[in-house]
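Letter by letter, the chains look like this.
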Amino acid sequence: METVIIGQGYNLEEDTSVGKELIKQFESNVFDNFTCLVAFASYGGVSAMTRYIEEGKDRGMRIKVILGIDQKGTSKEALEEVLSWNVDARIFHTSSRNIFHPKVYLFENRDIFTLIVGSNNLTVPGLVQNIECSLLIKDTVDPSSVHKDFYRYWKGILDGTETNLYSVTQELIDELFSKKYILSESERAEKYDNGGDDPMSTTNKKNIFKRTAIQPLPSGFRPGRRVKVKRTKTKTPQNQQANTEESLFVGEEVLIAEIGGGPRWKQVNFPVTIFEDFFGAERGNNNYNIQLMNIAKDGTLGDVEIRQAVSVKSRNYRFEIKCVETEGTYPGDSKRPIGLFVKLDNGEFLYQVLLHGDKGYKTIKKYLYKESKNAPRELKRAIVHVEAIHAIYPEFII
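Conventions and cut-offs
Each chain carries its own residue numbering, running from 1 in the written order of its sequence. A pLDDT threshold of at least 70 governs which residues receive local features in this predicted model, and a stricter bar of 80 or more applies before side-chain atom pairs are shown or counted, although totals over entire chains, interfaces and linings include all residues. Working from all heavy atoms in the structure, the side-chain values ignore hydrogens and water. By this definition, two strands are paired if DSSP reports at least two bridges between them. Every helix listed is a DSSP run of H or I at least four residues long, and every strand listed is a run of E at least two residues long, numbered separately from the N terminus. Axis definition: a line fitted to C-alpha atoms, limited for helices to the stretch in contact. Angles are taken between N-to-C directions and run from 0 to 180 degrees. Two residues form a contact once any of their heavy atoms are found within 4.5 Å. With a 1 Å grid spanning the protein atoms alone, the term cavity applies to any set of points in which a 1.4 Å probe fits but cannot get out, the term pocket to an open set with protein on both sides within 12 Å along at least five of seven lines, and the term lining residue to any residue with an atom within 4 Å of a point. Grid points are joined across faces, edges and corners, and a volume is the space filled by probe spheres set on the points. All residues other than Ala, Val, Leu, Ile, Met, Phe, Trp, Tyr, Cys, Pro, Asp, Glu, Lys and Arg, Gly among them, are scored as polar; the first ten of these are nonpolar and the last four charged. Comment on the angle field: the value is read as roughly parallel under 35 degrees, roughly antiparallel over 145, roughly perpendicular from 65 to 115, and oblique elsewhere. Criterion for a salt bridge: a side-chain nitrogen of Lys or Arg within 4 Å of a carboxyl oxygen of Asp or Glu. In this scheme, a residue with accessible area under 20% of its type's maximum is buried, one over 50% is exposed, and one in between is partly exposed, where area comes from a 1.4 Å probe on protein chains only. In these notes, a set of buried Ala, Val, Leu, Ile, Met, Phe, Trp, Tyr and Cys residues joined through side-chain atoms within 4.5 Å is what counts as a nonpolar core. Stacked, tilted and edge-to-face are the three classes applied to pairs of Phe, Tyr and Trp rings, where Trp contributes its six-membered ring and a pair requires centres within 6.5 Å; stacked means planes under 30 degrees apart, edge-to-face means over 60, and tilted covers the rest.

Things to note about the sheet that holds strand 7 (residues 132-140)
Sheet strands pair by backbone hydrogen bonding; their relative direction is either parallel or antiparallel. Spatial strand order, 1-7-6-5-2-3-4-8: eight strands in an open sheet with mixed pairing. At either end of the open sheet lies a strand with only one pairing partner, and these are strand 1 (2-8) and strand 8 (165-167). The mean inter-strand angle of the sheet, taken between neighbouring strand axes irrespective of direction, is 15 degrees. Sheet contacts for helix 3 (residues 76-85): strand 3 (62-68) and strand 4 (88-92); angle to strand 3, the most-contacted strand, approximately 165 degrees.

Comments concerning empty space enclosed by the protein
To find leftover empty space, a probe the size of one water molecule is rolled over the atoms. Tallying each qualifying case throughout the model produces one cavity of 30 Å³ or more. Roughly 50 Å³ of internal volume is contained in the largest cavity. In terms of lining residues, the largest cavity is bounded by Leu22, Phe26, Phe34, Cys36, Met49, Ile53, Val65, Trp85, Tyr105 and Leu122. Listing elements by their share of the lining of the largest cavity, those giving two or more residues are helix 1 (18-27), strand 2 (33-38) and helix 2 (43-58). Of the residues that constitute the lining of the largest cavity, the class distribution is ten nonpolar, no polar and no charged.

Some words on the layout of surface pockets
Taken as a whole, the second largest pocket holds about 240 Å³ of empty space. What lines the second largest pocket is a set of ten residues, among which Arg222, Gly251, Glu252, Glu253 and Lys343 lie closest to the centre. A total of three residues in the lining of the second largest pocket trace back to one element, the largest contributor, which is strand 10 (residues 241-258). Residue composition of the lining of the second largest pocket, by class: four nonpolar, one polar and five charged.

Here's the deal with the environment of valine 82
Along the polypeptide, valine 82 turns up in helix 3. For valine 82 and threonine 50, which are 32 residues apart along the polypeptide, the C-alpha to C-alpha distance reads 8.3 Å. Contact partners of valine 82, with chain neighbours within four places excluded, come to Val46, Val65, Leu67 and Ala89.

With respect to the packing of helix 3 against helix 7 (residues 170-178)
The N-to-C vectors of helix 3 and helix 7 enclose an angle of 175 degrees; their axes lie 10 Å apart at closest approach. Regarding the angle of helix 3 to helix 7, the classification is roughly antiparallel. Counted together, Lys76, Leu79, Glu80 and Leu83 of helix 3 and Gln170, Ile173, Asp174 and Phe177 of helix 7 form the full contact between these two elements. In terms of residue class, the contact of helix 3 with helix 7 is built from four nonpolar, one polar and three charged.

Quick look at the pattern of salt bridges
Going through the model one piece at a time under the given rule, you end up with 18 salt bridges. When the shortest N-O distance is used, the salt bridge between lysine 20 and aspartate 15 registers 2.9 Å. Residue classification places lysine 20 among the partly exposed positions, given a relative accessible area of 35%. Two residues, lysine 359 and glutamate 395, come together in a salt bridge whose shortest N-O distance is 3.1 Å. Here the residue lysine 359 occupies a position in the loop between strand 17 (349-354) and helix 11 (361-371), and glutamate 395 occupies one in the segment after helix 12 (386-392), the gap between them amounting to 36 residues. Assessed through its relative accessible area of 38%, glutamate 395 is described here as partly exposed.

Remarks on helix 3
Since there are 3.6 residues in each turn of an α-helix, residues three or four apart along the chain are aligned in direction. When you tally the buried positions in helix 3, you get eight out of ten residues, the bulk of the element. For helix 3, the complete set of buried residues consists of Lys76, Glu77, Ala78, Leu79, Glu80, Glu81, Val82 and Trp85. Immediately downstream of helix 3, the backbone of asparagine 86 shows phi near 60 degrees, a positive value.

A few points about the nonpolar core
Core analysis: the largest hydrophobic core is formed by 40 residues, its most contacted members being Phe34, Met49, Tyr105 and Leu122. No other element matches the five residues that helix 2 contributes to this core. With sequence-adjacent residues up to four places away left out, leucine 122 is seen in contact with Val38, Phe40, Ala41, Ser42, Gly45, Val46, Met49, Leu67, Tyr105 and Leu127.

Details of the packing of aromatic side chains
Evaluated as defined, the whole model comprises 22 aromatic pairs. An angle of 55 degrees between the planes, with centres 4.9 Å apart, marks the rings of phenylalanine 270 and phenylalanine 279 as tilted. Comparing phenylalanine 270 with phenylalanine 279, the two get one shared label, buried. Relative to phenylalanine 349, the ring of phenylalanine 279 lies with its centre 5.0 Å away and its plane at 50 degrees, an arrangement referred to as tilted.

Some thoughts on the packing of helix 2 against helix 3
Between helix 2 and helix 3, the least distance of the axes is 9 Å, while the angle of their chain directions is 5 degrees. By the angle class used here, helix 2 and helix 3 are roughly parallel. Between helix 2 and helix 3, the residues in contact are Tyr43, Val46, Ser47, Met49, Thr50, Ile53, Glu54 and Lys57 and Glu77, Ala78, Glu81, Val82, Ser84 and Trp85, respectively. Among the residues forming the contact of helix 2 with helix 3, the class breakdown is seven nonpolar, three polar and four charged.

Things to note about the sheet that holds strand 15 (residues 316-320)
Pairing within the open sheet is antiparallel, and its three strands lie in the order 11-15-14. Of all strands in the sheet, those with a lone pairing partner are strand 11 (267-270) and strand 14 (310-312), marking the two edges. Within the sheet, the average angular offset between the axes of one strand and its neighbour, ignoring direction, is 30 degrees. Summarising the sheet, strand 11 and strand 15 pair through four bridges and their orientation is antiparallel. If you follow phenylalanine 270 over to strand 15, its bridge partner there is tyrosine 317.

What about the side chain of arginine 188?
Counting through the fold element by element, arginine 188 comes out in helix 8 (residues 185-191). Contacts of arginine 188, omitting those with residues within four sequence positions, involve Ala41, Ser42, Lys72, Gly73, Thr74, Ser75, Thr123, Leu183 and Asp193.

Next comes the structure, spelled out in structure tokens:
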């Protein structure tokens, strides 16, 4: 038997987390079954696992997910993402005061197993960023191992005979949401991940406690973010228009980019690191295209724009954008437009352009100048977490 402590969120140089370990176990391709019993789940935590669940299913892995909904710790969107996995997914809940609170992840085949037991919920903070501790156990499947004890204790839940288990369906999710047993993802994040239920104000905390670094997400751990946007579509042959809503899955990073001047200012220039690392382009390769979609100020999503990645010998790296804001003349260097760029999971990008008179412009510009590491005469650029944008510019639809 092998046992390992998985620390997380404290000694960051160790670079260990349950999220990283889950990816490692999935990618080992040696297990036939994955089972988890988890108290809380967020859309970010669940969606970060979607890729590995789908890959596991493709090679025949059997998957069982048991989630709790106590204390409104699991969001509607998290359950809907689990539902999209099309696996054996249940909710455990009772009307009693005791709550469903385990955090267990089990990988197994006929001969061996890996069991992770600790404090890690199926959320982004729980799997990577919070200060947590779990025990990983690797052993053979035999009558003397802890594997047998696990199945003996949790028998009713694992074999589906427990009466307090409820299959995850869209009808159940809608009913739980309508009756306020579960929250939307944004409400859940405000309550838990963002500390909204903490009686101590942020200001008071800063006056008393020091800050600490937060563990970065491991390679391959890509939480999704689901947002609603509007599209204008033709409703009738008479060309009447109607707004329809749809969901998009976006990443956690937002690029804030100051846009330079001149009559061709809609050709936005970027440093080569952003050109390659954020947009995925390659210097010297003008055959690479990206797909852009503009978000209007009312949240309406524009058509897909296919844009060529242009790099020239003068170390100029750019993409062209075209929206209502770029139809006017350049407003001047003291009032430079600001672009907000967000990467979607499928490699497309959303963007919005703020002009000097727009709501949020001054706040975003002040924040950009604080966060940017560019030299004084260079155009300011910064890649920040989407929640930072929300905090200072709530009107941004993402």
